[in-house]
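Secondary and tertiary structure notes
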Amino acid sequence: MISRLFPANISTYGGQIDHVIDLIFVVIAVWFVLAQSLLVYFAIHYRRKPGIKAAFYRGHTWRQLSWVLVPAMLVLACDLGIDAAGGATWETVKGSLPPAAVTVQVTGQQFSWQFTYPDANGQFGTGKDLVEDTMHVPVNQVIHVVLQSADVIHDFYVPDLRLKQDVVPGRKITAWFEATKTGEYETACSQLCGPAHFGMQARLVVQTAVDYAAWLSAERSAHGKKTAGAAS
Amino acid sequence: MEAQVQVNVWPVEEQHPAKGGFLSNYVFSVDHKVIAKQYLAVGLLMSLVGGAMVYLIRVQLAWPGRPVAGWGFIAPASYLALVTMHGTIMVFFVAMPILLGAFGNFLIPLMIGARDMAFPRLNMLSVWTLFAASLILIGSFFTPDGAASAGWTGYPPLSAVPSYTGNYWGINLWLLALALEFSSLVCTTGASRTAPRKPSYTIPTAPSARRSASWVKALWVIEMPLNSWRMTGTFLTGTPMS
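Structure report, in brief.

Calculation rules
Residues numbered from 1 in each chain as written. Chains lettered and ligands numbered in written order. Predicted model: local features only at pLDDT ≥ 70, side-chain atom pairs only at ≥ 80, totals over all residues. Heavy atoms only, no water. Helix = DSSP H or I, 4+ residues; strand = E, 2+ residues; numbered from the N terminus. Rg over C-alpha atoms; globule rule 2.2 N^0.38 Å. Areas by Shrake-Rupley, 256 points an atom, 1.4 Å probe, with all protein chains shown as cover. Lys, Arg positive; Asp, Glu negative; His and termini not counted. Charge placed at Lys NZ, Arg CZ, Asp CG, Glu CD. Disulfide = S-S within 2.5 Å. Buried < 20%, exposed > 50% of the residue type's maximum accessible area, 1.4 Å probe, protein only. Salt bridge = Lys/Arg side-chain N within 4 Å of Asp/Glu carboxyl O. Patch = residues over 30% accessible without salt bridge, like charges linked within 9 Å, V, L, I, M, F, W, Y side chains within 5 Å. Contact = heavy atoms within 4.5 Å. 1 Å grid on protein atoms, 1.4 Å probe; cavity = no way out; pocket = protein on both sides within 12 Å on 5 of 7 lines; lining within 4 Å. Points joined across faces, edges and corners; volume = space filled by probe spheres on them. Nonpolar A, V, L, I, M, F, W, Y, C, P; charged D, E, K, R; others polar. Polar contact = N/O pair within 3.5 Å; in protein donor to acceptor, adjacent residues only side chain to side chain. Phe/Tyr/Trp six-rings, centres within 6.5 Å; stacked < 30°, edge-to-face > 60°. Expected span 1.5 Å × (residues − 1). Pairing = 2+ DSSP bridges. Axes fitted to C-alpha atoms, helices over the stretch in contact; angles between N-to-C directions.

Moving on to the overall build of chain A. What chain A contains, in helices and strands, is 3 helices and 10 strands. Along its sequence from the N terminus, chain A presents helices and strands in the succession α-α-β-β-β-β-β-β-β-β-β-β-α. Its C-alpha atoms give chain A a radius of gyration of 26 Å, clearly above 17 Å, the size a compact globule of 232 residues would have. Here chain A has roughly 13500 Å² of accessible surface; of this, 63% comes from carbon and sulfur atoms. For chain A, the separation between the mean place of its 18 positive charges and that of its 18 negative charges on side chains is 16 Å.

Residue and element names in this part refer to chain A. What the rule picks out here adds up to 0 disulfides over all chains. You can see Cys189 has no disulfide; the closest cysteine sulfur is in Cys193, sitting 4.0 Å from it. The exposure class assigned to Cys189 is buried, which follows from its relative accessible area of 8%.

This paragraph deals with the pattern of salt bridges. Residue and element names in this part refer to chain A. Under the criterion given, the structure shown has 2 salt bridges over all chains. Put simply, Asp18 and Arg162 hold a salt bridge, and the shortest N to O gap is 2.7 Å. Pair noted here: Asp18 is in helix 1 (residues 14–45) and Arg162 is in the loop between strand 6 (154–158) and strand 7 (163–167), with a separation of 144 residues, a long-range link. Two residues, Arg203 and Glu184, come together in a salt bridge whose shortest N-O distance is 2.5 Å. Taken together, the residues span a long stretch of sequence, with Arg203 in strand 10 (residues 201–207) and Glu184 in strand 9 (residues 183–189) at a distance of 19 residues. A residue is classified by how much of its surface remains accessible, and Glu184, at 53% relative accessible area, is exposed.

So, on to a nonpolar patch on the surface. Residues and elements named next belong to chain A. Among the surface-exposed residues, Leu38, Tyr41, Phe42, Tyr46, Trp62, Trp67, Val68 and Leu69 lie close enough to one another that they form a single nonpolar patch of about 910 Å² accessible area. Where the nonpolar patch is concerned, the elements lending two or more residues are helix 1 and helix 2 (61–95). One can find Trp62 in helix 2.

Okay, the environment of B:Asp145 next. Residue and element names in this part refer to chain B. Examined against the element boundaries, Asp145 turns out to sit in the loop between helix 5 (120–139) and helix 6 (162–165). The exposure class of Asp145 is partly exposed, given its relative accessible area of 34%. The spatial distance from the C-alpha of Asp145 to the C-alpha of Ile171 is 9.7 Å, given a sequence separation of 26 residues. Those residues in contact with Asp145, other than ones at most four positions away along the chain, are Gly166, Asn167, Tyr168, Trp169 and Gly170.

Now for the layout of surface pockets. Which parts of space are left empty comes out when a probe the size of a water molecule is rolled across the atoms. Residues and elements named next belong to chain A. Of the voids in this model, the second largest pocket is the one considered here, and its volume is about 430 Å³. Ile17, Ile21, Val93, Arg162 and Lys164 are the residues nearest the centre of the second largest pocket, which is lined by 17 residues in total. Elements represented by at least two residues in the lining of the second largest pocket include exactly helix 1, helix 2 and strand 7. Residue composition of the lining of the second largest pocket, grouped by class: 11 nonpolar, 2 polar and 4 charged.

On to the side chain of A:Asp119, then. Residues and elements named next belong to chain A. Within the secondary structure layout, Asp119 lies in the loop between strand 2 (112–117) and strand 3 (130–132). Buried charge without a salt bridge: Asp119, with Arg220 as the nearest opposite-charge side chain at an N-O distance of 6.0 Å. Among the polar contacts made by the side chain of Asp119, one reaches the main-chain amide nitrogen of Asn121 at a distance of 3.0 Å. Reaching out from Asp119, the side chain makes a polar contact with the backbone nitrogen of Gln123 at a distance of 2.9 Å. In this view, Asp119 contacts Thr126, Lys128, Asp129 and Arg220; residues no more than four positions away in its chain are not counted.

All names here are of chain B. Enumeration according to the criterion identifies 15 aromatic pairs over all chains in this entry. Ring geometry for Trp71 against Phe141: centres 6.4 Å apart, planes inclined by 75°, an arrangement best described as edge-to-face. Residue Trp71 is located in the loop between helix 3 (32–62) and helix 4 (76–112), and its partner Phe141 is located in the loop between helix 5 and helix 6; the two are separated by 70 residues in the primary sequence. Taking the relative accessible area as the measure of exposure, Trp71 reaches 36% and is therefore partly exposed. Measuring from centroid to centroid gives 5.3 Å for Trp128 and Phe131, while their planes differ by 80°, and the two rings are edge-to-face.

All names here are of chain A. The end-to-end C-alpha distance of helix 1, which contains 32 residues, comes to 46 Å, matching closely the 46 Å that a straight helix rising 1.5 Å per residue would cover. Where helix 1 is concerned, the buried positions are Gly14, Ile17, Asp18, Val20, Asp22 and Val27. Lining the buried residues of helix 1 we find helix 2.

This part takes up the sheet that holds strand 9 of chain A. All names here are of chain A. Strand order in the open sheet formed by 5 strands is 4-10-9-6-7, with mixed pairing between adjacent strands. The strands lining the two open edges of the sheet, one partner per strand, are strand 4 (134–138) and strand 7. In this sheet, adjacent strand axes meet at a mean angle of 20° when their direction is disregarded. Here 5 bridges tie strand 6 to strand 7, and the two strands are oriented antiparallel to one another. Looking at strand 7, one finds that Tyr157 is bridged to Lys164.

Below, the structure written as structure tokens:
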């Protein structure tokens, strides 16, 4: 189906999201073909013909309304069906927040992403936070991203994870994901945020737990030296 | 149950205003059919402008970084201005004027058997307000920092703070054009909401299309003056009104 065109999924819930997208695609495709065929059929069948003259016809209210109400009910039924099928997915992705192994603060600003890691004790705001422009996360662990904006509305989007969440100034929004495959991926902003919106990208590096720990300690010691150098 | 149809036609001399000169017949006309065609003309002209923009957007996407015939190199800020203006034009200056202004003005009086709209001069004023709004919107491209580029949805704070987008006059003229466009459609829908009916016309026998149009108009009259007022206020004071 349509989800074959997407980049390969690398998150635990991405498969569910792809299923919902495929379901919506099928429902819409059926309605599209049906509605357009009817339109073409009516246009040809009721075209102007010799011997048939248009007449004033007030119409029958219920027969007219049935052409509106019956399709509306069918569309509503499809909609509720999609809701029923997708409800569990929504609950997984947006409704629940499994306990985090790693928490990263993600700040969007015109026109870059900033990834803040806590100090060695897992605390933010102690002055020993690690600020990075590339996001590193361990594979197969639940990651919380705490999204904040410094200026306008942004949207944190990682296509490979099927994760997309608006970043609203004045609010802290927590989203989560669990990557299942190591590699380098792209994060983007998917909410028009100004002239250089197109360039608001960053890299997401999914590593094994060992590689991640090594990267984190290397960054911490480099950062420690930098701040020590700045202080002296 | 078939509705009973009573044939009750207005006398011919009451159906249309007396013929005047070219100006009063075709330019500053108060006839709902002429006004409907003027709405249609403005809408179709603006669809050509919006269509030209989509050509620029699509060619730019197909061959990024290369100059586009008819414009030249499209810088990121100009690209966003084109996207914003395309959305604004297609929604507010093509779809709405044609659906409400043209079809509403042309069909509703005929469907309910009315002679014309209730306020023909207000109706005429509204089509010319739309024309002025279109000129202002197109004119915003020629301001020093270009047309509005905050998206047709205009989400604040991006659209509210000039330094975020780099447009000051562009976004102000965009607001003014939208405020005028909304006022125009409020006037014309308000006029048709109260169009004098043929005596035999009663609500239960109204065609369903006419009834859905009534609902649309009732909602417009409730919602749009508020929108328009806020936009005008934002334009005049330079700060978003709440």
